[in-house]
Amino acid sequence: MSAVRVPIVVHDREALARERERADGPVAVVMTMGALHEGHAALLRQARARAATVITTIFVNPLQFGPNEDFDRYPRTLATDLELCAREDVDVVFAPSAAVMYPDGQPRTRVNPGPLGEILEGASRPGFFHGVLTVVLKLINLTRPDVVFFGEKDYQQVALVRQMVRDLDLDIEVVGVPTVREPDGLALSSRNRYLSGPERTTALALAAALRAGAAAGEGGAAAVEAAANAVLGDASGLQLDYAVVTAPDLGPAPESGEARLILAAKVGTTRLIDNGPVRLASRTGLPPFTGA
Ligand code: PAF
């Protein structure tokens, strides 16, 4: 059995710069807000397989929380996060304070995510993606990765990071990693720890809605949304925000072919998101009706 190596933990820019200077390439970065779970472990494993040096960032970014959101109660579990990082053979953990990340307070300059940042999560959480992309760009500048890994549970976030990398000519590769689920289908999320036992049972409706939606793909996008809505509408204690079919790039749903079902709902006070692939075959693709 190989010995577990403790990662180097740095909290300020100078120490990070020193570690980055002596890092062997390629360098992979996994950005997180901590409260690490097996979904993060999957990202770290892919990073480890790809790069000579793996850097993880742990920072609960105040810029991406609205005034009535869960910034204050967001779980901060650095000690156990470091154990998971050690287990996954991470080289460097950058865990800055807000004062290190934003030395002048609220930054005057923010990354504007454009129209893609105004739909779905962006419509429900105004300013959310400005906050996400601003911190992601800052962390890219500080860690200088060759490749970054993001979980596909935050599907819109991955799409927006890819868009920013393209639009701003950032010379890095973005890898999306499939969602990790509990055996009963619940997508892993740091926010799952807010859920009581009965709320966790209710939250299973999201995975059930994805399965029902995927099974209705033959009927086209409207049928997929109707199937998902029926499951979510039956779940008492669940407040649906949206259940929408889009193209894989989050554009309008196609008539047929690959698409994505994207969900958001509140269970109790906990906001959950999930998504999954669907294959659409439109009714107009069926042979014409000829008989009486
Ligand atoms: O996905 C997250 O945990 C956060 O949005 C990220 C990418 C670390 C930025 O704060």
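As recorded in an unreviewed UniProt entry, the protein chain goes by the name Pantothenate synthetase, listed as coming from Cryptosporangium arvum DSM 44712. Turning to the protein chain, the UniProt record has this under Catalytic activity (unreviewed entry): "(R)-pantoate + beta-alanine + ATP = (R)-pantothenate + AMP + diphosphate + H(+)".

S.K.: Please explain the pattern of salt bridges as it appears in this structure.
M.R.: Where charged atoms from two side chains of opposite charge come close, those side chains can pair. Going through the model one piece at a time under the given rule, you end up with 18 salt bridges. Across the pair Arg45 and Glu38 runs a salt bridge whose closest N-O atoms are separated by 3.3 Å. By relative accessible area, which is 34% here, Glu38 ends up partly exposed. Between Arg48 and Asp91 there is a salt bridge whose closest N-O contact spans 2.9 Å. Of the two residues, Arg48 sits in helix 2 (residues 38-50) while Asp91 sits in the loop between helix 3 (78-87) and strand 4 (92-94), which places them 43 residues apart along the sequence. Via salt bridges that share partners, Glu69, Glu121, Arg125, Asp241 and Arg271 belong to a single interconnected network.

S.K.: How should I be thinking about the site of the ligand in this particular structure?
M.R.: Around the ligand, the surrounding shell consists of Met31, Thr32, Met33, Asn61, Gln64, Val135, Phe150, Asp154 and Gln157. Residue Gln64 places a side-chain N or O atom 2.6 Å away from an oxygen atom belonging to the ligand. Within the side chain of Gln157, one N or O atom sits 2.7 Å away from an oxygen atom of the ligand. When the ligand is considered free in solution it has 290 Å² of accessible area, and contact with the protein chains removes 89% of it. Among the residues making up the shell around the ligand, the classes are represented as four nonpolar, four polar and one charged.

S.K.: Looking at this structure, how should I read the packing of helix 1 (residues 13-21) against helix 6 (residues 128-143)?
M.R.: A pair of packed helices can be characterised by two numbers: the angle between their axes and the separation between those axes. Interaxial distance between helix 1 and helix 6 falls to 9 Å at its minimum, and their mutual angle equals 55°. Between helix 1 and helix 6, the angle falls in the class oblique. Note on element contacts: helix 6 touches helix 1 through Lys138, Leu142 and Thr143, opposite Arg13, Leu16 and Arg20. The residue makeup of the contact of helix 1 with helix 6, split by class, is two nonpolar, one polar and three charged.

S.K.: Is there a simple way to think about the UniProt feature "binding site: (R)-pantoate" (unreviewed entry) in the protein chain in this case?
M.R.: Here the UniProt feature "binding site: (R)-pantoate" (unreviewed entry) sits at Gln64 and Gln157. Their sequence span is 94 residues, while the largest C-alpha to C-alpha distance among them is just 11.8 Å; these annotated residues converge on one region. When its relative accessible area of 9% is taken as the criterion, Gln64 is described as buried. With respect to the helices and strands, Gln157 occurs in helix 7 (residues 155-167). Under the relative-accessibility criterion, Gln157 is labelled buried at 16%. In this structure Gln157 touches Phe129, Val132 and Phe150, once residues within four positions along its chain are discounted.

S.K.: Would you take a moment to explain the nonpolar core for this structure?
M.R.: Nonpolar side chains in soluble globular proteins tend to be buried together. Formed by 44 residues in total, the largest nonpolar core has its most connected members in Met31, Val136, Phe150 and Met164. Sorting the residues of this core by element identifies helix 1, strand 2 (27-32), strand 4, helix 4 (98-101), helix 6, strand 5 (147-151), helix 7 and strand 8 (257-267) as the ones contributing at least two each. The greatest single-element share of this core, amounting to nine residues, is contributed by helix 6. Setting aside residues no more than four positions away along its own chain, Phe150 makes contact with Met31, Leu43, Val136, Gln157, Val158, Val161, Val174, Val175, Gly176 and Val177. Grouped together as the second largest cluster of nonpolar side chains are 22 residues, Ala228, Leu263, Ala265 and Leu280 included.

S.K.: Help me understand the sheet that holds strand 8, please; the structure alone is not making it clear to me.
M.R.: Whenever strands of a sheet pair, they do so through backbone hydrogen bonds, lying parallel or antiparallel. Spatial strand order, 7-8-9: three strands in an open sheet with antiparallel pairing. Looking at the sheet topology across the chains shown, the edges are occupied by strand 7 (238-246) and strand 9 (270-280). Between one strand axis and the next, the sheet turns through 15° on average, direction left out of account. As judged from the eleven bridges shared by strand 8 and strand 9, these two strands associate in the antiparallel manner. When the sheet's bridge partners are listed, Arg260 is paired in strand 9 with Pro277. Here helix 8 (residues 197-215) sits on the sheet and contacts strand 7, strand 8 and strand 9; the angle it forms with strand 9, its principal contact strand, is near 15°. Along the sheet, helix 9 (residues 221-234) contacts strand 7, strand 8 and strand 9; its crossing angle with strand 7, the most-contacted strand, is approximately 165°.

S.K.: What is the right way to read the UniProt feature "binding site: beta-alanine" (unreviewed entry) in the protein chain from this model?
M.R.: Cross-referencing UniProt, the feature "binding site: beta-alanine" (unreviewed entry) maps to Gln64 in the present numbering. Mapped onto the elements of the fold, Gln64 is located in the loop between strand 3 (53-58) and helix 3. Once residues lying within four places of it in the same chain are set aside, the contact partners of Gln64 are Met33, Glu69, Arg125, Phe128, Gly131, Val132 and Val135. Among the polar contacts listed, one links the side chain of Gln64 to the side chain of Asn61, at a separation of 2.9 Å.

Procedures and definitions
- The written sequence of each chain sets the order in which its residues are numbered from 1.
- Restriction of local features to residues with pLDDT of at least 70 applies here, the model being predicted, together with a cutoff of 80 or more for giving and counting side-chain atom pairs; totals for whole chains, interfaces and linings are based on all residues.
- Computation of side-chain values covers all heavy atoms of the structure but excludes hydrogens and water.
- UniProt positions are given in the numbering used here, feature names are shortened, and annotations may be inferred rather than shown by experiment.
- Any carboxyl oxygen of Asp or Glu that lies within 4 Å of a side-chain nitrogen of Lys or Arg is treated as forming a salt bridge with it.
- For every residue, the accessible area obtained with a 1.4 Å probe (protein chains only) is divided by the maximum for its type, and the residue is called buried under 20%, exposed over 50%, and partly exposed between those limits.
- Each helix corresponds to a stretch of at least 4 residues labelled H or I by DSSP, and each strand to a stretch of at least 2 residues labelled E; elements are numbered beginning at the N terminus.
- Throughout this document, a residue counts as near a molecule or strand when at least one of its heavy atoms sits within 4 Å of that molecule or strand.
- In protein, a polar contact requires one atom able to donate a hydrogen and another able to accept it; more generally it is a pair of N or O atoms within 3.5 Å, and residues adjacent in sequence count only if both atoms are side-chain atoms.
- To measure how exposed things are, a 1.4 Å probe is used in the Shrake-Rupley method; for residues, cover is taken only from the protein chains shown.
- Any residue that is not Ala, Val, Leu, Ile, Met, Phe, Trp, Tyr, Cys, Pro, Asp, Glu, Lys or Arg is counted as polar, Gly included; the first ten are nonpolar and the last four charged.
- Under this scheme, a helix contributes an axis fitted over its contacting stretch, all axes are lines through C-alpha atoms, and angles between N-to-C directions fall in the 0 to 180 degree range.
- Comment on the angle field: the value is read as roughly parallel under 35 degrees, roughly antiparallel over 145, roughly perpendicular from 65 to 115, and oblique elsewhere.
- Contacts are assigned to residue pairs that have any heavy atoms within 4.5 Å of one another.
- By nonpolar core we mean a set of buried residues, namely Ala, Val, Leu, Ile, Met, Phe, Trp, Tyr and Cys, connected to one another through side-chain atoms within 4.5 Å.
- Strand pairing is assigned whenever DSSP detects at least two bridges linking the two strands.

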